[in-house]
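An overview of the molecular structure
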Protein chains: 2
Amino acid sequence: MRDLESRVSDEHHQALKLWLRLLSCTTRVEGVIRNRLRAQFETSLARFDLLAQLEREPQGLRMSELSQRLMVTGANVTGLTDQLEAEGLVRRAAHPGDRRAFAVRLTSRGRRQFRRMATVHEEWVIELFSALGAKQKDSMYALLGDLKQHVTAVDGRAPSRRKANRAKEHAA
Amino acid sequence: MRDLESRVSDEHHQALKLWLRLLSCTTRVEGVIRNRLRAQFETSLARFDLLAQLEREPQGLRMSELSQRLMVTGANVTGLTDQLEAEGLVRRAAHPGDRRAFAVRLTSRGRRQFRRMATVHEEWVIELFSALGAKQKDSMYALLGDLKQHVTAVDGRAPSRRKANRAKEHAA
DNA sequence: TATTGTTATACTCTATAACTATA
DNA sequence: TATAGTTATAGAGTATAACAATA
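Residues numbered from 1 in each chain as written. Chains lettered and ligands numbered in written order. Predicted model: local features only at pLDDT ≥ 70, side-chain atom pairs only at ≥ 80, totals over all residues. Heavy atoms only, no water.

Some details on the overall build of chain A
Just so we agree on the cut-off: Only runs of H or I of at least four residues qualify as helices and only runs of E of at least two qualify as strands under DSSP, and these elements are numbered from the N terminus. Burial here depends on accessible area, computed with a 1.4 Å probe over protein chains only, as a share of the maximum for the residue type. Under 20% is buried, over 50% is exposed, and the range in between is partly exposed. Any two residues whose heavy atoms approach within 4.5 Å are treated as being in contact. Exposure was quantified through the Shrake-Rupley algorithm and a 1.4 Å probe, taking into account, for residues, occlusion by the shown protein chains and nothing else.
Looking only at helices and strands, one finds 6 helices and 2 strands in chain A. What you see in chain A, going N to C, is helices and strands ordered as α-α-α-α-β-β-α-α. Here chain A holds 172 residues, and the buried ones make up 44% of them. Of the contacts formed within chain A by residues at least 6 apart in sequence, a portion of 57% connects residues at least 24 apart. When the accessible area of chain A is evaluated, it comes to approximately 8600 Å², of which 50% is carbon and sulfur surface.

A word on helix H2 (residues 45-55) of chain B
Among the 11 residues in H2(B), 9 count as buried, and that is most of the element. Of the positions making up H2(B), those classed as buried are B:Leu45, B:Arg47, B:Phe48, B:Asp49, B:Leu50, B:Leu51, B:Ala52, B:Gln53 and B:Leu54.

A short note on helix H3 (residues 63-70) of chain B
All names here are of chain B. The following threshold applies: Directions drawn from the helix axis to the C-beta atoms are what define this arc.
Within H3 the residues assigned to the buried category are Met63, Leu66, Ser67 and Leu70. When H3 is viewed along its axis, its buried side chains cluster within an angular range of 105° and face the same direction. Two residues or fewer past H3, Met71 is found with a positive phi of approximately 60°.

A closer look at the packing of aromatic side chains
The geometry of two aromatic rings is summed up by the distance between their centres and the angle between their planes. Residue and element names in this part refer to chain A. We apply this condition: Two rings from Phe, Tyr or Trp (for Trp, the six-membered ring) form a pair when their centres sit within 6.5 Å of each other. Planes less than 30 degrees apart are called stacked, planes more than 60 degrees apart edge-to-face, and all others tilted.
Scanning the model with the defined rule gives 6 aromatic pairs over all chains in all. Centroid distance Phe41 to Trp124: 6.4 Å. Interplanar angle 50°. Geometry classified as tilted. Of this pair, Phe41 sits in helix H1 (residues 2-41) while Trp124 is found in helix H5 (residues 108-128), placing the two residues 83 residues apart along the sequence. Judged by relative accessible area, Phe41 falls into the buried class, the value being 17%. The class of Trp124 is buried, set by a relative accessible area of 6%.

Concerning the pattern of salt bridges
Residue and element names in this part refer to chain B. Selection rule: Put simply, a salt bridge is a Lys or Arg side-chain nitrogen that is within 4 Å of an Asp or Glu carboxyl oxygen.
Within the structure shown, the criterion is met by 18 salt bridges over all chains. One salt bridge connects Arg115 with Glu55, and the closest N-O pair in it is separated by 3.3 Å. In this pair, Arg115 sits in helix H5 (residues 108-128) while Glu55 sits in helix H2, placing the two residues 60 residues apart along the sequence. Looking at Arg115, the relative accessible area reads 44%, which means it is partly exposed. Residue classification places Glu55 among the partly exposed positions, given a relative accessible area of 23%. Asp82 serves as the salt-bridge partner of Arg92, at 2.9 Å between the closest nitrogen and oxygen. With Arg92 in strand S1 (residues 90-94) and Asp82 in helix H4 (residues 74-86), this pair connects stretches of sequence that are 10 residues apart.

Looking at the environment of B:His13
Structurally, B:His13 is set in helix H1 (residues 2-41). Each C-alpha atom, one on B:His13 and one on B:Met71, is 32 Å from the other, the two residues being 58 residues apart in sequence.

Points about the state of the cysteines
Condition: The definition used for a disulfide is geometric: two cysteine sulfur atoms within 2.5 Å.
Evaluation of the coordinates by the stated rule reveals 0 disulfides over all chains. Here A:Cys25 stays free of any disulfide, with the sulfur of B:Cys25 as its closest cysteine sulfur at 13 Å. Overall, the relative accessible area of 2% leaves A:Cys25 in the buried class.

Structural notes on the side chain of A:Glu57
All names here are of chain A. For clarity, the cut-off: Counting of polar contacts relies on pairs of N or O atoms within 3.5 Å, with two restrictions inside protein: one atom must be capable of donating a hydrogen and the other of accepting it, and residues adjacent in sequence are counted only when both atoms are side-chain atoms.
Relative to the assigned elements, Glu57 resides in the loop between helix H2 (45-55) and helix H3 (63-70). A relative accessible area of 18% means that Glu57 is categorised as buried. A polar side-chain atom of Glu57 sits 3.2 Å from a polar atom in the side chain of Arg69.

Quick notes on unusual backbone geometry
A negative phi holds for most residues other than glycine; trans holds for most peptide bonds. One non-glycine residue, A:Glu42, lies in positive phi territory at about 50°. Within the secondary structure, A:Glu42 sits in the loop between H1 and H2.

Details of the nonpolar core
Here is the rule we go by: Here, the term nonpolar core denotes a set of buried Ala, Val, Leu, Ile, Met, Phe, Trp, Tyr and Cys residues that are joined through side-chain atoms within 4.5 Å.
Counting 87 residues, the largest nonpolar core has A:Phe129 and B:Phe129 as the members making the most contacts within it. When near neighbours in sequence (up to four residues on either side) are disregarded, A:Phe129 contacts A:Val29, A:Lys137, B:Ala15, B:Leu18, B:Trp19, B:Leu22 and B:Leu147.

Comments concerning the confidence of the model for chain A
Residue and element names in this part refer to chain A. Note the following rule: Within a predicted model, pLDDT stands for the predictor's per-residue confidence, ranging from 0 to 100.
Averaged over every residue, the pLDDT of chain A is 85; the share at 70 or more is 83%. When pLDDT is averaged over each element of chain A, strand S2 (residues 102-106) comes out on top at 98 and H1 at the bottom at 79. Low confidence marks residues 1-8, where pLDDT is under 50. Its contacts with residues over four positions away, or in another chain, come to 0 contacts. Under a pLDDT of 50 for its full length, residues 158-172 has, in the predicted model, 47 contacts with residues more than four places off or in other chains.

A few points about the packing of H2(A) against H3(A)
All names here are of chain A. Put simply, the rule is: The axes are straight lines fitted to the C-alpha atoms, using for helices just the contacting stretch, and the angles between their N-to-C directions are given from 0 to 180°. Put simply, a crossing is left-handed when the front helix is turned counterclockwise from the back one by less than a right angle, and right-handed when it is turned clockwise.
In contact at an axis separation of 11 Å, H2 and H3 are set at 115° when each is read in the N-to-C sense. When you trace H2 past H3, the crossing you get is right-handed. Facing Asp49, Leu50, Gln53 and Leu54 of H2, the residues of H3 in contact are Leu66, Arg69 and Leu70.

Below you can see the structure in the form of structure tokens.
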């Protein structure tokens, strides 16, 4: 009885501890990257993610496609695109075949700028994760895969509607 | 030559992939918890974290101590405390020995409410992490420990000043 | 002077809802 | 009607800076 209870209690504690550490790690890494993006490129993660989507689609993306990929509402995409267009990194081109839509594309300046940022960004990530060896990275990647799959399923069947969260799947 | 390059390239890709999956997992879990806290208790993570700090300190905490522990500025603590005090969960008591300061404490209603939330919160976390067995949780916890230590060191010596990020170390 | 806390203001990222132009 | 995108507004969470009261 006592053993069972304490085992359960330990597992509870274990899940909570793991979650808090996971959150703490992610927050720290994200903070470093956010700060460096701002300090060195005067940009934000949301803008970086939008550029990353466009970099993979030379023919351009509609606003609605960006909205889906970034998992944010259309209004937000409008705002981010406005900023990036004002900076000359992005252009709303006419969409062939649908006069309601745009084909949002990187400008050549935007492409150069994104590539510069992506290179440095990758170096930061490598540096930040250099505490782990290749096998450890593989191991964590696999564990997170299991977690992600389960959490996605839980979120999908949850009573509360799924909320939009950033995708950040850019360079994946 | 080719081998070396491709190995490096793979490791680069590996770190980036790992980071994106880590971010994706954390964002999803955090989203679920945030939505449920809002749907079931009409509260936020920041308020929950503040209550968690107070729950561990029956004698109360100064605003400045809350600011340090939550790693946010004093102005934010003022705002959160205002909200929680308006909800009757928290009280600014006179601080014995320093008339500039308060001893912020849970009210008995706040304590009951926090315990209710903390119980359910823990159940959510256990559910969300149930895809991993005890050994897997231990393994991930250890890996994240290495990562955290390294990232903290990197952040500390980074050129850009460390920015405030939520602590969320409450029930740890 | 230095510290504690508040107020005022602003920025980023996000959301919803009402609207326009086109399909 | 339905869809693509914009505008207007709001809210959470965060920051900085100027200020009052006290140490």
